[in-house]
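Chain residues, written in single-letter form:
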Amino acid sequence: MQLILLGPPGVGKGTQAEKISGEMGLAHISTGDMFREAVSTGTELGKTAREYMAAGKLVPDSIVIGMVEERLDRPDTQRGFLLDGFPRTIAQAESLQALLARMGRPVNAVIDLSADEDLIIARLSGRRVCASCGATYHAVNKPPKQDGVCDACGGEVRQREDDREEAIRERLAEYAAKTSALTDFYAGLGLLVPIDATGSPEQVFGDVVSALEARAASGTSEVR
Ligand code: ADP
Ligand code: ZN
């Protein structure tokens with residue numbers, strides 16, 4: 001099974017990606033996580049990506065596409081994979097279609113999470129992340145027991161550089177300008193599965209599973 005997870009920043013893609021890939025035994029491929037890892041280990045890729053990320057801008061297509069091609073070559077993708085945060089532009093989507101056609105691994109479905117902008121901004125501006133283990137918290141809805149300290153590992157809990165208000169605004173603008181067109185692109189291929197991501201993580205996950213099951217039962221995923 002090859003799945004793509006779409007949706008604006010802050011809609012809960014990361015959370016759903018973990019649940020879906022865990023449940024279905026898929027490799028979880030997050031380009032955002034890959035870039036953050038490159039930044040923290042200080043590779044050349046990380047140095048280039050960092051300036052774009054901190055400003056809330058997209059990393060140039062050629063860099064992202066090359067990185068994803070390499071990642072899809074790894075053996076853990078054999079059992080299927082879930083792409084989270086990629087593609088983000090029409091050029092990325094077109095390259096991906098061509099690559100997956102060459103690999104003989106076509107996309108089965110594109111899950112499109114949506115929520116209104118006020119909710120998204122509230123989620124992002126309150127988001128806090130453990131610098132050591134990546135556990136996520138929320139300043140208001142889900143603070144760590146001790147201020148600034150991760151419940152899971154004792155690491156430092158802080159705000160992501162691109163979760164500052166300026167960068168959030170820029171990320172939403174980038175989404176509107178470059179990524180939102182992907183819903184039409186995948187709807188045109190008969191692959192889009194729209195999901196309302198307003199509810200709790202469990203509720204949203206339940207809706208995703210039901211929608212994928214309904215799709216499989218109707219045989220839609222076999223057609224393309
Ligand atoms: P978000 O929370 O905005 O969905 P991610 O964690 O997926 O963010 O990505 C963080 C940043 O990494 C993006 O704002 C962008 O700079 C960069 N990035 C991640 N994936 C891509 C991609 N497919 N194309 C271009 N840039 C990307
Ligand atoms: Zn931690």
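In what follows, the accompanying structure is described. (Residues numbered from 1 in each chain as written. Chains lettered and ligands numbered in written order. Predicted model: local features only at pLDDT ≥ 70, side-chain atom pairs only at ≥ 80, totals over all residues. Heavy atoms only, no water.)

### Let's talk about the coordination of the zinc ion (ligand 2)
Taken together, Cys130 (SG), Cys133 (SG), Cys150 (SG) and Cys153 (SG) make up the protein donors of the zinc ion (ligand 2), found 2.3 to 2.4 Å from the metal. Considering all 4 donor atoms around the zinc ion (ligand 2), angles at the metal cover 101 to 115° and the coordination shape is tetrahedral. Of note, the zinc ion (ligand 2) draws all its donor residues from one chain, in the sequence arrangement C-x2-C-x16-C-x2-C. Judged by its relative accessible area of 3%, Cys130 falls in the buried class. (Donors = N, O, S within 2.8 Å, 3.2 Å for Na, K, Ca; no water. Tetrahedral: all angles 85-135°; square planar, octahedral: opposite > 155°, others 65-115°. Buried < 20%, exposed > 50% of the residue type's maximum accessible area, 1.4 Å probe, protein only.)

### So, unusual backbone geometry
In this chain, Phe86 is followed by Pro87 through a cis amide linkage whose omega measures -5°. Tracing the sequence through the fold places Pro87 in the loop between β3 (81-84) and α5 (90-103). (Helix = DSSP H or I, 4+ residues; strand = E, 2+ residues; numbered from the N terminus.)

### Focus: the site of ligand 1
In the vicinity of ligand 1 there are 19 residues, among which Thr31, Arg36, Lys57, Gly85 and Arg171 approach most closely. One of the backbone nitrogen or oxygen atoms of Gly85 is found 2.9 Å away from a nitrogen atom of ligand 1. With respect to ligand 1, the side chain of Arg171 contributes an N or O atom lying 2.8 Å from an oxygen atom. Protein contacts shield 96% of the accessible area of ligand 1, which totals 550 Å² for the unbound molecule. (Near = heavy atom within 4 Å. Polar contact = N/O pair within 3.5 Å; in protein donor to acceptor, adjacent residues only side chain to side chain. Areas by Shrake-Rupley, 256 points an atom, 1.4 Å probe, with all protein chains shown as cover.)

### Details of the nonpolar core
If you look at the biggest cluster of nonpolar residues, it comprises 25 residues, and the most contacted ones within it are Ile4, Leu72, Leu96 and Tyr186. Secondary structure elements with two or more residues in this core: β1 (2-6), β2 (27-30), α3 (44-54), α4 (61-72), β3, α5 and α8 (181-188). Looking at which element gives the most residues to this core, the answer is α4, with 5 residues. Look past the residues within four positions of Leu72 in its chain and what remains in contact with it is Ile29, Thr77, Phe81, Leu96, Leu99, Leu100 and Met103. (Core = buried A, V, L, I, M, F, W, Y, C linked by side-chain atoms within 4.5 Å. Contact = heavy atoms within 4.5 Å.)

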